There are 2 protein chains.
Amino acid sequence: MFHFTATYTDLYQLSMAQVYFNKNENQQAVFDYYFRNLPYKGGYAVFAGLEELLDIIETLRFSEADLEYLKSHDFEPAFLKYLKDFRFSGSIKSMAEGEVVFPNAPILEVEANLIEAQIIETILLNILNFQTLIATKASRIRNVAGNKTLLDFGLRRAQGPGGYYASRAAMVGGFDGSSNVVTGRDFGISISGTMAHAFVQSYDDELTAFRDFAKHRPKNCVLLVDTYDTLKSGVPNAITVAKEMEERDQKLLAIRLDSGDLAYLAKRSRKLLDDAGLNYVKIAASNQLDEYVIQSLQNQNAPIDIYGVGTNLVIGKPDGALDGVYKLAFANGKPRIKISESISKVTLPHKKQVFRVFTEDGTMVGADAVALEEEWHINRMHHPVEPFKNLVLTSLKQEPMLHPVMESGKRLNPKKSLQEIAAFSRKQVNALPDEYKRFDNPHIYKVGISTQLKQERDKLIEQHKE
Amino acid sequence: MFHFTATYTDLYQLSMAQVYFNKNENQQAVFDYYFRNLPYKGGYAVFAGLEELLDIIETLRFSEADLEYLKSHDFEPAFLKYLKDFRFSGSIKSMAEGEVVFPNAPILEVEANLIEAQIIETILLNILNFQTLIATKASRIRNVAGNKTLLDFGLRRAQGPGGYYASRAAMVGGFDGSSNVVTGRDFGISISGTMAHAFVQSYDDELTAFRDFAKHRPKNCVLLVDTYDTLKSGVPNAITVAKEMEERDQKLLAIRLDSGDLAYLAKRSRKLLDDAGLNYVKIAASNQLDEYVIQSLQNQNAPIDIYGVGTNLVIGKPDGALDGVYKLAFANGKPRIKISESISKVTLPHKKQVFRVFTEDGTMVGADAVALEEEWHINRMHHPVEPFKNLVLTSLKQEPMLHPVMESGKRLNPKKSLQEIAAFSRKQVNALPDEYKRFDNPHIYKVGISTQLKQERDKLIEQHKE
């Protein structure tokens, strides 16, 4: 639905680009995308947004309106002409969308000339940071919801058009469907919905409202039962309509609870439905749900079949942002580093590869080793900050995680469907040991650096000190 | 930049619409937009998004792709034909964009047939909730920043395309500019930017990087001084370049600090600049700023001229969402109400007007009275929940706040510029007494209901109890 134009960027990218353009020297550069802190005090994140991003980058252009606008911002005519013909022509290596990812290991690496690499920085961060934040939230919710149906109902409270990608990212993380119609159209998301309180209110009585709805929308019919009194009015009226539907060879799909004590109301509603011979009618629940509320409802054995999750999902409450960054690792023929008073914020130089470590039988060891690109087996992985902490990996299986996804500005593989990405993600999350998935003080996944990379980094730090 | 299609909505809006379509009776309805809780534990909010929303509603259509997609979702052909010709043809009354607003008083009222009113609900909430959240955050930051320059730097951490409207809303709330180029193009926002650490890193030394930048981007030139060592390297190199610029009759605009103790570094940098005769060179600061950090910096008299605010602004941290709702007040010729176990969640029936109360000399009294539309002066305003609390308003000035902005689907006034909206908002915020603007336990602005509205509401509650 959204078309991104190349001015969807920070002005400084264009200012820097103007300078690089004038210098006109070897400008091949490498940038790493990674984040520093896991969202939600969790033990992992789910990488999302990649397949959309590749499409966006492949087609990113400065429009006539962009160029006309930029004329008044002190860019030189030759540079504006360059922007007119701008195409991203670089290469990208990345982990797969849906992969479980951890702080401080590159998730994606851009290799391009400095101008192009800078122009795409903002949109790359904007797309990946947000979708990874939301996919991670969705994944946490899926982890506690078992095989219950999870629906995204958040569009009205989403951060404006951010809601479009929130719905997409929710599916990557394990949701089953969304109320957001346009994401059904564009991403093939299964869309669903019930009725609003306003629908019931617009009638003089609840029973007539239910009857009309069931008559005109008999398929996947869900009745909202809490407009007046859930147990005394809503559920009994829903039962009446369900029985009438049976006479027409139709089945009521579900009732929806949207207020009150959901565990109590679900149990009482279940009993009323079962006593009426309607054990096939499901119970949907919504109202400020998140992974903690759903965990509590599950622990109470609340007979809820469908959870509708809104605000807390689509805005990634309480964090609201992933702190992903895009850092220069190589430029003009040399490895590059950013010094910081805190060594934990010093960047890693050179083109790199990330190796995920497994035991012989394929179990995750809980370690990712960041290495130089040309390394192929890491014998020892060092803590990036603590000088004496390290891990011997000699006899362990190691899989490279960064794979080419774009070359010369063209994506290398057909776009994966959202369903494919979601299935992959679920497999990866399931393979991650439970200790990393618990909510309270999850086990810390180790991300270290190879001996060679450590030597390169420390050498550059020394050089800068001089 | 974004084109919203009419399927940017929740499926249930279309399901309900199908039912209303089949019923084909008098379906004139009135919906109120309001929120229940102020964001950031603050004392007021700044209403934003209206002028964009009116454009969106005026042009909202179902595209061919929408209709093709909806075919597979059990809608009847006659209804799909209706959607093909869909236009919003209703009326909207609203408070002005930029107005200071308070919980539980309608900010906007939609009068339309039920189908149209439901179809626009989701996008209305999506646009207004988010922009009001961000404009309010920006306004709080402006309140403590005095006349310092405030710039939005948040696009990379924004919630995907939500960043587009975040920049817009930041201006409504009092920001001066943004790094977000496309919002300059589309909203006339003043855009600005400096350089990234990557720019400095891409050179073998900082001084050459600064020199090149100043040479090719001399206008509004800002040098980022913390890549290696702010006081030992960054500021001295910036001073060298500033002096070289003077020889070319150019002036360095500012240096930027992006890490470390900003108050300390700003004071030390100011001294170095002043000692070099560069008292015109400004100091910009960024790095996880919000209204509390800026207040602290201001209290310390940190000599910072320009604040760059990112994540905390554009995601409306820590709330992330405004709980705005859209509630039915009138339908099919009758006032409508939603009953709740808690009277604070019972909705207000009928078409309404909101009166803001002032003393004779125009000072805000701190009270908004919600009344029936036909009332013109409120003698007594009742607490909406507490039965014995009320306020006599007889001798006070009262101004109606809801004014027609759209009739028969057409906006009544030309679109206001963002600058005009922002100026109006600042005037309104300035007129609000300080007690409502402080961060800790702000004074509670009173929102009550007129005697007539109370009687109507209570009568309907009684009827529903029977």
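Residues numbered from 1 in each chain as written. Chains lettered and ligands numbered in written order. Predicted model: local features only at pLDDT ≥ 70, side-chain atom pairs only at ≥ 80, totals over all residues. Heavy atoms only, no water.

Note the cut-off: UniProt positions are given in the numbering used here, feature names are shortened, and annotations may be inferred rather than shown by experiment.
In the annotation of an unreviewed UniProt entry, chain A is listed under the name Nicotinate phosphoribosyltransferase and assigned to Leeuwenhoekiella nanhaiensis. Of chain A, the UniProt comment under Pathway (unreviewed entry) reads exactly: "Cofactor biosynthesis; NAD(+) biosynthesis; nicotinate D-ribonucleotide from nicotinate: step 1/1."

### Observations concerning helix α12 (residues 262-275) of chain A
Since one α-helical turn is 3.6 residues long, residues separated by three or four positions face the same way. Residues and elements named next belong to chain A. We apply this condition: Helix numbers and strand numbers start at the N terminus; a helix is a DSSP run of H or I with at least 4 residues, a strand a run of E with at least 2. Multiplying 1.5 Å by the residue count of a helix minus one yields the expected span of that helix. Residue exposure (1.4 Å probe, protein chains only): buried if accessible area is under 20% of the type maximum, exposed if over 50%, otherwise partly exposed. Taken from the helix axis, the directions to the C-beta atoms give the arc we talk about. In what follows, a contact means two residues having at least one pair of non-hydrogen atoms within 4.5 Å.
Taking 1.5 Å of rise per residue, the 14 residues of α12 would be expected to cover 20 Å, and the 20 Å separating its terminal C-alpha atoms lies within 8% of that figure. Looking at α12, one finds that the buried residues are L262, A263, L265, A266, S269, R270 and L273. Along the long axis of α12, the arc covered by the buried residues comes to 160°, so they all point the same way. In α12, the exposed positions angled more than 90 degrees off the buried face are occupied by K271 and D275. Contact partners of the buried residues in α12: α11 (230-247), β9 (254-257), β10 (282-286) and α13 (291-299).

### Here's the deal with the relation of the copies chain B and chain A
Condition: Here the copies are matched by least squares. The fit uses the C-alpha atoms of residues with pLDDT of at least 70 in both.
Least-squares fitting of chain B to chain A yields an RMSD of 0.0 Å, with the superposition described by an axial translation of 0.0 Å and a rotation of 180°. Such a turn and shift between the copies fits a two-fold axis. Considering only C-alpha atoms, the residue of chain B closest to the rotation axis is G162 of chain B, which sits at 2.2 Å. A share of 100% of the interface residues of chain B reappears at the interface of chain A, consistent with the copies meeting face to face through the same patch.

### Notes on the packing of helix α6 (residues 121-145) of chain A against α13 of chain A
All names here are of chain A. Our working definition: Note on definitions: angles span 0 to 180 degrees between N-to-C directions of axes, and those axes are lines fitted to C-alpha atoms, for helices only across the stretch in contact. Orientation labels follow simple angle bins: below 35 degrees gives roughly parallel, above 145 gives roughly antiparallel, 65 to 115 gives roughly perpendicular, and whatever is left gives oblique. Amino acids are sorted into nonpolar (Ala, Val, Leu, Ile, Met, Phe, Trp, Tyr, Cys and Pro), charged (Asp, Glu, Lys and Arg) and polar (every other residue, Gly among them).
Where α6 meets α13, the axes come as close as 9 Å, and the angle between the chain directions of the two elements is 5°. Here α6 is positioned roughly parallel relative to α13, judged by the angle of their axes. The segment α6 lies against α13, with K137, R140, I141, V144 and A145 engaging E291, Y292, I294, Q295 and Q298. Within the contact of α6 with α13, the residues separate by chemical class into five nonpolar, two polar and three charged.

### Here we look at the sheet that holds strand β9 (residues 254-257) of chain B
Residues and elements named next belong to chain B. So the rule is basically this: Paired strands, in this sense, are two strands between which DSSP finds at least two bridges.
In spatial order, the strands read β7-β6-β11-β10-β9-β8; together these six strands make up an open sheet with parallel pairing. With one partner strand each, in any of the chains shown, β7 (177-178) and β8 (222-224) form the two edges of the open sheet. Both β8 and β9 contribute to a ladder of three bridges, which runs parallel. Each residue of the ladder has a partner; that of L224, found in β9, is R256.

### Focus on the pairing of strand β6 (residues 149-152) of chain A
Residues and elements named next belong to chain A. Filter applied, for reference: Note on handedness: a clockwise path from strand one over the helix to strand two, with the strands aimed away from the viewer, defines a right-handed crossover.
With four bridges connecting them, β6 and strand β11 (residues 306-309) associate as parallel partners. Opposite L150, over in β11, you have Y307 as the bridge partner. The sheet contact formed by β6 and strand β7 (residues 177-178) spans two bridges and is parallel. Opposite D152, over in β7, you have S178 as the bridge partner. For the segment spanning β6, helix α7 (residues 162-172) and β7, crossover handedness is right-handed.

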